[in-house]
Amino acid sequence: MQHLLDVSLFSSMIRMVAPILLAALGGAICSRVGLFNVGLEGFVLVGAFSAIVGNFYTGNVWAAVLIAVAVTMLFSLIFAYISIHLQANVIVVGISFNFLALGLTAFSLRAIFHVKGAFYDKNMIGLPKWDIPFIKDIPVVGDIISGHSPLVYLAFILVFVLQYFLFKSVLGFRLVAVGENPVASKSIGIKVNRMQYLAVLICGVLCGLAGAQLSLGQVTMFTEGMTAGRGFIALVATMLGQANPIGVMASSLLFGLMDAFSIRLQGFSLPTHFTQMLPYVVTLLAMLFFRRSNYLADAQKANGSSR
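Residues numbered from 1 in each chain as written. Predicted model: local features only at pLDDT ≥ 70, side-chain atom pairs only at ≥ 80, totals over all residues. Heavy atoms only, no water.

### Overview of the overall build of the protein
Looking only at helices and strands, one finds 14 helices and two strands in the protein. Taking the contacts inside the protein whose residues are at least 6 apart along the sequence as the reference set, 76% of them involve residues at least 24 apart. Summed over its atoms, the accessible surface of the protein is roughly 13900 Å², and 69% of this surface lies on carbon and sulfur atoms. (Helix = DSSP H or I, 4+ residues; strand = E, 2+ residues; numbered from the N terminus. Contact = heavy atoms within 4.5 Å. Areas by Shrake-Rupley, 256 points an atom, 1.4 Å probe, with all protein chains shown as cover.)

### Observations concerning the UniProt feature "transmembrane region" (unreviewed entry) in the protein
Per the UniProt record, "transmembrane region" (unreviewed entry) is annotated on residues 40-57, 64-84, 90-113, 151-177, 197-220, 232-258 and 270-290. End-to-end, the C-alpha atoms of residues 151-177 are 30 Å apart, and along that stretch the chain is 96% helix and 0% strand. (UniProt positions renumbered as here; feature names shortened; annotations may be inferred.)

### A closer look at helix H9 (residues 192-218)
The end-to-end C-alpha separation of H9 is 38 Å, in line with the 39 Å expected for 27 residues at 1.5 Å each. Counting buried residues along H9, 20 of its 27 residues qualify, which places the element largely inside the surrounding structure. Two residues or fewer past H9, Thr-220 is found with a positive phi of approximately 55°. (Expected span 1.5 Å × (residues − 1). Buried < 20%, exposed > 50% of the residue type's maximum accessible area, 1.4 Å probe, protein only.)

### Topic: the pattern of salt bridges
When the charged atoms of two side chains with opposite charge come close together, those side chains can pair. The final tally for this structure, using the stated rule, is one salt bridge. Close ionic contact of Arg-110 with Glu-224 constitutes a salt bridge, the shortest N to O distance being 2.9 Å. Here Glu-224 lies in the loop between strand E2 (222-223) and helix H10 (230-240) and Arg-110 lies in helix H4 (residues 90-113), a separation of 114 residues in the sequence. (Salt bridge = Lys/Arg side-chain N within 4 Å of Asp/Glu carboxyl O.)

### Notes on the environment of Pro-128
Tracing the chain through its elements places Pro-128 in the loop between strand E1 (118-119) and helix H5 (141-145). Using a relative accessible area of 28% as the deciding quantity, one classes Pro-128 as partly exposed. Along the primary structure Pro-128 and His-148 are separated by 20 residues, whereas in three dimensions their C-alpha atoms are 7.9 Å apart. Setting aside chain neighbours within four positions, we find Pro-128 in contact with Trp-62, His-148, Ser-149 and Pro-150.

Structure, rendered in structure tokens:
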């Protein structure tokens, strides 16, 4: 048991939870304005591919992160236009964008890099690993917390930033009001559509960061469909956390632990197919305990559409 539950397992959990947490925070922002964004998987995948392309052509990992954020924001803007302006069913649009991202990244991989399945460049440098002064010298704690990429730390910082933004700032109150009652919000002069566009763009930024962490912070390569359901897991984390950033962080940590646990079990000669399905089994079990329908109810309020 001590070989199964050790310091490296929890360190791996912190590293692997970052993409899920960032995407889940994006989903929480969308939820707060009444949009049930099931397109998180596609958003993260686009961000992951854009980060690799940016890194390959610029040779600068930070420029690559910015490119990933910019491209994902553009992708999310199209999603927002179809869902908000054209009043399309947001769930159908989200599912369509997941398939669009899967096909678009596979096609672009062949068109840009002339390879199929995966792209790796030995000269490509990924995100650096930061050792936190003083904390790195603390036994056990330092081994778990220190030595991760900057985006991992940024993910946890953003939890508290968004908690303050949503529940302490004027703009945050307006976003929440739009999700609670768009008609009443319009009556007091709040631009409902503008708030929803803002939320989707913030979601695009967070998913772009999630994709960059996935392709540059963990493996420094891109493979087709490398998100492997993390966007859907993030959606469940958003629901379990009731679109509250701190609750989302707690549920994301659970899924991150299961993801790290599944990799650890592969070292015990267990079948790979069994270990890889562990995070998704836990996701299904978590959904069994999700009894409240507030999330879906909020998603159906916006603008009187089919959402």
